[in-house]
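The residues making up each chain are set out below.
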Amino acid sequence: MTPLRYLHLDVFAATLGGGNHLGVVIGAGGWNSEAMQRFARWTALVETTFLLPPTDPRASYRVRIFTPHKEIPFAGHPSIGSAHAALECGLAQPRDGLLWQECGAGVLPIRVLGHGAQRELLLQSPGERVLDTGRDAHPRLAATLTGIEPGVLPPALVDGGRRWWLAEVADEAGLRAWQPDHAAIAALAQASDSMGLCAFARSRHPDYQLVVRAFPAGVGIVEDPASGAANGLIAAYIAHAEPHGPLARGYQVSQGREIGHDAQLIVHIDDDAIWVGGRSHTVIDGTLQWAP
């Protein structure tokens, strides 16, 4: 049994402990997929990642991402956290301000802004498509949105590595106080082969311009404290619908306070790309004793 390095991270945290958990295993090149899945099931984290040497010459490193139940090609906070771990462990260095992450969705760029505790990492979303819009876009959608006043943009089904239903709520207070019907969200997710519902509202708070709540019932999670991929889809939808609006070049997001977290995500919107990220913090840096 060869000891491996293991990091436990707090990803997208505005305050200590406010972000999303991530476990990162360094040096498990000798593990097969079954061994990785077994360990991810044991951690019981939303995602556990494994950092490996790249197989693509363009890439800085390779990451495999596992939920407790299966391997997935891409996810937001595991990508940002894995990039943080690669830098912290000296596995990769930026080239012209970018890391290049090899994962199941391809080779994706990650911007590196700043250094140390102030460092921000932003991932370019792998491409988004608006599949359908409107409250009648699915027979189960209206029941899912019961109890909230709609905002400016109509509900939409958006695909980009992961598929989400998006719904704008009229105001921040209404979204934060909403008590969703989780069974209805789960039924919608199953019927539409999606992650579930991600609701958002605009805000006048000086520290953030958007509030987000994500309900990924499609993978058995009631509410997610910080959702990188889902926020990328929201940003793409806003940029598509309001190309000259106040949020069209980027904004900051507050997420997770309703479930005891305090996450802050950063969105940059370029002419041809969406970048989503934030800061990550290493909470535990230790040695993993695990027989694959």
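Look a little higher up for the structure.
A brief report on the enclosed structure follows. As the structure is a prediction and not an experimental result, all values here were calculated from the model.

Take the packing of aromatic side chains next. We describe a pair of aromatic rings using the distance from one ring centre to the other and the angle between the two ring planes. Counted under the stated rule, the structure contains nine aromatic pairs. Pairing Trp42 with Trp290 gives two aromatic rings, centres 5.2 Å apart and planes at 50°, and the pair type is tilted. With Trp42 in helix H1 (residues 33-43) and Trp290 in the segment after strand S17 (280-288), this residue pair connects regions lying 248 residues apart in the sequence. Relative to Phe66, the ring of Phe50 lies with its centre 5.6 Å away and its plane at 85°, an arrangement referred to as edge-to-face. Placement of Phe50 in strand S3 (residues 48-52) and of Phe66 in strand S4 (residues 61-66) is noted, with a sequence separation of 16 residues between them. For the pair shown, Phe50 and Phe66 are each scored as buried. The ring of Trp275 is capped by Arg111, whose NZ or CZ atom sits 4.1 Å from the centre of that ring.

On to the nonpolar core. Ranked by internal contacts, the top residues of the largest apolar core, which has 58 residues, are Tyr61, Leu166, Leu210, Ile234 and Tyr251. Here this core gets nine residues from one element, more than from any other, and that element is helix H6 (residues 228-241). Within the second largest apolar cluster, 18 residues are counted, among which are Ala167, Leu175, Leu197 and Phe215.

Let's shift gears to empty space enclosed by the protein. Enumeration over the complete set of coordinates arrives at three cavities of 30 Å³ or more. Considered as a void within the structure, the largest cavity measures approximately 160 Å³ in volume. Glu47, Arg162, Met195, Asp224 and Ser227 are the residues nearest the centre of the largest cavity, which is lined by 19 residues in total. Listed by contribution, the elements that provide at least two residues to the lining of the largest cavity are helix H2 (76-88), strand S11 (162-168) and H6. Looking at the lining of the largest cavity, its residues break down into 11 nonpolar, five polar and three charged.

Positionally, Ala183 belongs in helix H5 (residues 182-192). Classification of Ala183 as exposed rests on a relative accessible area of 56%. As a C-alpha pair, Ala183 and Thr144 span 39 residues in sequence and 8.6 Å in three-dimensional space.

With that settled, consider the layout of surface pockets. Volume-wise, the largest pocket comes out at about 260 Å³. Taken together, 15 residues form the lining of the largest pocket, with Lys70, Arg162, Asp193, Ser194 and Met195 sitting closest to its centre. Elements represented by at least two residues in the lining of the largest pocket include exactly S11 and H5. Of the residues belonging to the lining of the largest pocket, the class tally is six nonpolar, four polar and five charged. Of the pockets and cavities examined, the second largest pocket occupies roughly 180 Å³. Across the lining of the second largest pocket, the residue classes break down as six nonpolar, three polar and three charged.

Here we come to H1. All of the buried residues along H1 are Ala35, Met36, Gln37, Phe39, Ala40 and Thr43. Residue Asn32 occupies the N-cap position of H1, its side-chain oxygen lying 3.2 Å from the main-chain nitrogen of Glu34. One or two steps after H1, the chain reaches Ala44, where phi turns positive at roughly 60°.

In this section: the pairing of strand S16 (residues 274-278). Most of S16 sits inside the fold, with five of its five residues counted as buried. Summarising the sheet, strand S15 (residues 263-269) and S16 pair through four bridges and their orientation is antiparallel. Bridge pairing links Ile266 to Gly277 in S16. What sits between the antiparallel neighbours S15 and S16 is a turn of four residues.

Cut-off values and rules
All chains use their own residue numbering, which begins from 1 and follows the written sequence. Per-residue local features are limited, in this predicted model, to residues with pLDDT of at least 70; the limit for side-chain atom pairs, both in listing and counting, is 80 or more; totals at the level of whole chains, interfaces and linings are taken over all residues. Only hydrogens and water are set aside; all other atoms, that is, all heavy atoms of the structure, feed into the side-chain values. Stacked, edge-to-face and tilted labels apply to pairs of Phe, Tyr and Trp rings (six-membered ring for Trp) whose centres lie within 6.5 Å, assigned for plane angles under 30 degrees, over 60, and everything in between, in that order. Numbering of helices and strands runs from the N terminus; a helix is a DSSP stretch of H or I covering at least four residues, while a strand is a stretch of E covering at least two. For every residue, the accessible area (1.4 Å probe, protein chains only) is compared with the maximum for its type, and the residue is labelled buried under 20%, exposed over 50%, or partly exposed between those bounds. Think of it as a cone above the ring: NZ of Lys or CZ of Arg counts as a charge over the ring if it is within 6 Å of the ring centre and within 35 degrees of the ring normal. Each nonpolar core is a collection of buried residues, namely Ala, Val, Leu, Ile, Met, Phe, Trp, Tyr and Cys, held together in the definition by side-chain atoms within 4.5 Å. Both cavities and pockets are sets of points on a 1 Å grid over the protein atoms alone; in a cavity a 1.4 Å probe fits but cannot get out, in a pocket the set is open with protein on both sides within 12 Å along at least five of seven lines, and lining residues sit with an atom within 4 Å of a point. Grid points are joined across faces, edges and corners, and a volume is the space filled by probe spheres set on the points. In this classification, Asp, Glu, Lys and Arg are treated as charged, Ala, Val, Leu, Ile, Met, Phe, Trp, Tyr, Cys and Pro as nonpolar, and every other residue, Gly included, as polar. Each polar contact in these results corresponds to two N or O atoms within 3.5 Å; when the atoms are within protein, one needs to be able to donate a hydrogen and the other to accept it, and residues that are neighboring in sequence are counted only if both atoms are side-chain atoms. Here, a strand pair is defined by DSSP locating no fewer than two bridges between the strands.

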